[in-house]
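Structure at a glance
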Amino acid sequence: MKVFSKLFFLFFTLLSALFILHSPSFAQYSVSTYAGSDSGFVNGTLAESKFNGSFGICIDKDGNLYIADSGNNCIRKIDTGGIVSTFAGTSKVGSKNGDRLSSTFNSPTGICTDDNGNFYVADFLNHLIRKIDNQGSVTTLAGSGQPGFADGFANEAMFNFPRGIAIDGYGNIFVGDSWNHRIRKITPDGNVTTYAGGGTDIGPESKGGYIDGPDTTARFFTPCGVACDLYGNVYVADALNHRIRKIDSYGNVTTVAGSGQSGWNNGDFNDGDYKSAILNTPTELCVTFDEDIIFSDTFGNRVRKLSYDGRVITIAGDGTPGFLDGDGALSKFNYPRGIVMDNAEKIIYVIDSKNFRVREISPNLKD
């Protein structure tokens, strides 16, 4: 009987190992630390750099990375040579405009860039949208500086803790206006309108809703990250609805991944078809050239992919908070947030917020 038990145990262990080795995330992706070590504010090499509660990330056409380093109230840059520097901000709290190195921010969370070298920042606790132009000057693009909800031009508009930000090919900016439970649009001439979402309950203590439908009839619950594809669609990490939503070029809102109950602590985990997949507070996302959506399932401590064919898989993270590099399914994250893909290199960069690092997810060339 003891011999049989040992043989059964060995067989079960081998079977489990084979299952892990052939799971999609294990076979296809490898996780490593790209930059950062522990909490702090240090520039320099990748290994010696330090970040503090970073949130958003974007990549320019030359492959440089830019990070909304929220806890340090500034924008950091990682150049293609692997050197980390301060791109904008002094680390002091404020809303000062002017030269980028003397400007101030208040917990910036989202950042995106256009093809002309301009950057746009969701300045979370200032309730502003800021612009860093290609000459190095910081200006306020939209927002009054007070939390609230109002459409209008420039400082007539009001935001309520804006988080994610993205720009399309026509220069329109889309903002995940989290506690207004809306997606806002800023046209190149500075006019702010409500692109999707509605309701009367706003503010940090409010509850959003979940309704698919045309533009302002739709409902969101703390939308965070936004991303634009090449066809005029806007994708939203609808955090407390635990879903990924799509706003097509006609303004229609649909659910492209996620199911289950909305609200705090109601997220969970299940991979599979987009209708049956379960998410746990996704906060940031990006769209690849192949029209896959890569998203940070933040409270689930995973990085997941919604494929063009409508399947959701986990590509990194085992779901338990921690820190571990290695093959996809065995790696660990702690509140992954900002995410971007270098489409040329097929490398995904993730802000691992509570580990104070930028992680790299690359194709596993061993397979």
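Residues numbered from 1 in each chain as written. Predicted model: local features only at pLDDT ≥ 70, side-chain atom pairs only at ≥ 80, totals over all residues. Heavy atoms only, no water.

Focus: the pattern of salt bridges
Quick reminder of the rule: For this document, the term salt bridge refers to a Lys or Arg side-chain nitrogen within 4 Å of an Asp or Glu carboxyl oxygen. For every residue, the accessible area obtained with a 1.4 Å probe (protein chains only) is divided by the maximum for its type, and the residue is called buried under 20%, exposed over 50%, and partly exposed between those limits. Numbering of helices and strands runs from the N terminus, with a helix taken as a DSSP run of H or I at least four residues long and a strand as a DSSP run of E at least two residues long.
Under the defined criterion, the tally for this structure stands at 13 salt bridges. Two residues, D238 and R245, come together in a salt bridge whose shortest N-O distance is 2.7 Å. No difference in accessibility class separates D238 from R245, as the two residues are buried. Note that D318 and K332 form a salt bridge whose closest N and O atoms lie 2.6 Å from each other. You can see D318 sitting in the loop between β26 (311-316) and β27 (326-327) and its partner K332 sitting in the loop between β27 and β28 (336-342), a full 14 residues away along the chain. Connected through shared salt-bridge partners, D151, D177 and R184 make up one network.

Thoughts on a nonpolar patch on the surface
Under the convention used in this document: Like charges are joined within 9 Å and nonpolar side chains (Val, Leu, Ile, Met, Phe, Trp, Tyr) within 5 Å, but only among residues with over 30% relative accessible area and no salt bridge; these make up the patches. Per-residue accessibility takes into account occlusion by the displayed protein chains alone, with areas from the Shrake-Rupley method and a 1.4 Å probe.
Taken together, the side chains of L230, Y231 and F289 make up a nonpolar region of the molecular surface, amounting to roughly 430 Å² of accessible area. Relative to the assigned elements, L230 resides in the loop between β18 (223-228) and β19 (234-238). The exposure class assigned to L230 is exposed, which follows from its relative accessible area of 66%.

Overview of empty space enclosed by the protein
Threshold: Definitions used for this entry: grid spacing 1 Å over protein atoms alone; cavity, a set of points where a 1.4 Å probe fits but cannot get out; pocket, an open set with protein on both sides within 12 Å along at least 5 of 7 lines; lining residue, one with an atom within 4 Å of a point. Grid points are joined across faces, edges and corners, and a volume is the space filled by probe spheres set on the points. Residue type decides the class: Asp, Glu, Lys and Arg count as charged, Ala, Val, Leu, Ile, Met, Phe, Trp, Tyr, Cys and Pro as nonpolar, and the leftover types, Gly among them, as polar.
Evaluation of the coordinates by the stated rule reveals one cavity of 30 Å³ or more. Estimated volume of the largest cavity: approximately 40 Å³. Listing elements by their share of the lining of the largest cavity, those giving two or more residues are β29 (347-352) and β30 (357-363). Broken down by class, the residue content of the lining of the largest cavity amounts to four nonpolar, four polar and two charged.

Observations regarding the pairing of β30
Put simply, the test is: Strands pair, by our definition, only if DSSP identifies at least two bridges between them.
Within β30, six of the seven residues are buried, which leaves the element mostly enclosed by the surrounding structure. Note that strand β1 (residues 29-35) and β30 share six bridges and pair antiparallel. The partner of S30 across the bridge, within β30, is S362. One ladder, built from five bridges, connects β29 with β30; its direction is antiparallel. Bridge assignment links D352 to a residue of β30, and that residue is R357. Hairpin connection between β29 and β30: a loop of four residues separates the two successive antiparallel strands, and F356 in this loop has a positive phi of roughly 60 degrees.

Re the pairing of strand β15 (residues 182-186)
For β15, the tally of buried residues reaches four of five residues, placing the bulk of the element in the interior. As paired strands, strand β14 (residues 173-177) and β15 are joined by five bridges and run antiparallel to one another. Counterpart to V175 in the pairing with β15 is R184. Connecting β14 to the antiparallel partner β15 that follows it, the hairpin turn spans four residues, and H181 within it adopts a positive phi of roughly 55 degrees. Here β15 runs beside strand β16 (residues 191-196); their pairing, made up of four bridges, is antiparallel. In the sheet register, R184 faces β16, and the bridge partner there is T194. Where β15 folds back onto β16 in an antiparallel hairpin, the turn is made up of four residues, including G190, whose phi is positive at roughly 95 degrees.

Observations concerning unusual backbone geometry
Positive phi values are uncommon outside glycine, yet N265 reaches one of about 65 degrees. Position of N265 among the secondary structure elements: in the loop between β21 (252-257) and β22 (272-273). You can call N265 exposed: its relative accessible area is 69%. At Y335, a residue that is not glycine, the phi angle is positive and equals roughly 60 degrees. We classify Y335 as partly exposed; its relative accessible area is 21%.

Here's the deal with the sheet that holds strand β10 (residues 128-132)
Reading across the sheet, the five strands line up as β7-β11-β10-β9-β8 and stay open at both edges, with antiparallel pairing between neighbours. The sheet terminates laterally at β7 (98-99) and β8 (108-113), the two strands that pair on one side only. The pairing of β10 with strand β11 (residues 137-142) spans four bridges and is classified as antiparallel. The residue of β11 that forms the bridge with R130 is T140.

Describing the layout of surface pockets
Here the largest pocket is characterised by a volume of approximately 1,300 Å³. Lining the largest pocket are 50 residues, and of these I59, T113, I167, C228 and F289 lie nearest its centre. Of all elements in the fold, only β3 (57-59), β8, β13 (162-167), β18, β23 (282-287) and β28 reach the threshold of two or more residues within the lining of the largest pocket. Looking at the lining of the largest pocket, the element that brings in the most residues is β28, giving five residues.

What about the packing of aromatic side chains?
Defined as follows: Two rings from Phe, Tyr or Trp (for Trp, the six-membered ring) form a pair when their centres are within 6.5 Å of each other. A pair whose planes differ by under 30 degrees is stacked, one over 60 is edge-to-face, and the rest are tilted.
One pass over the structure, following the stated rule, counts seven aromatic pairs. Measuring from centroid to centroid gives 5.2 Å for F87 and F119, while their planes differ by 65 degrees, and the two rings are edge-to-face. Of this pair, F87 sits in strand β6 (residues 83-88) while F119 sits in strand β9 (residues 119-123); the two residues are 32 residues apart in sequence, bridging distant segments of the chain. The two residues F87 and F119 agree in class, both being buried. Seen in terms of ring centroids, F174 and Y195 are 5.0 Å apart; in terms of plane orientation they differ by 65 degrees. Their pairing is edge-to-face. Remark: Y195 occurs in strand β16 and F174 occurs in strand β14; sequence separation between them is 21 residues. The burial state of F174 is the same as that of Y195; both residues are buried. In textbook terms, an aromatic cluster arises when at least three aromatic residues are bridged by ring pairs, as seen for Y66, F87 and F119.

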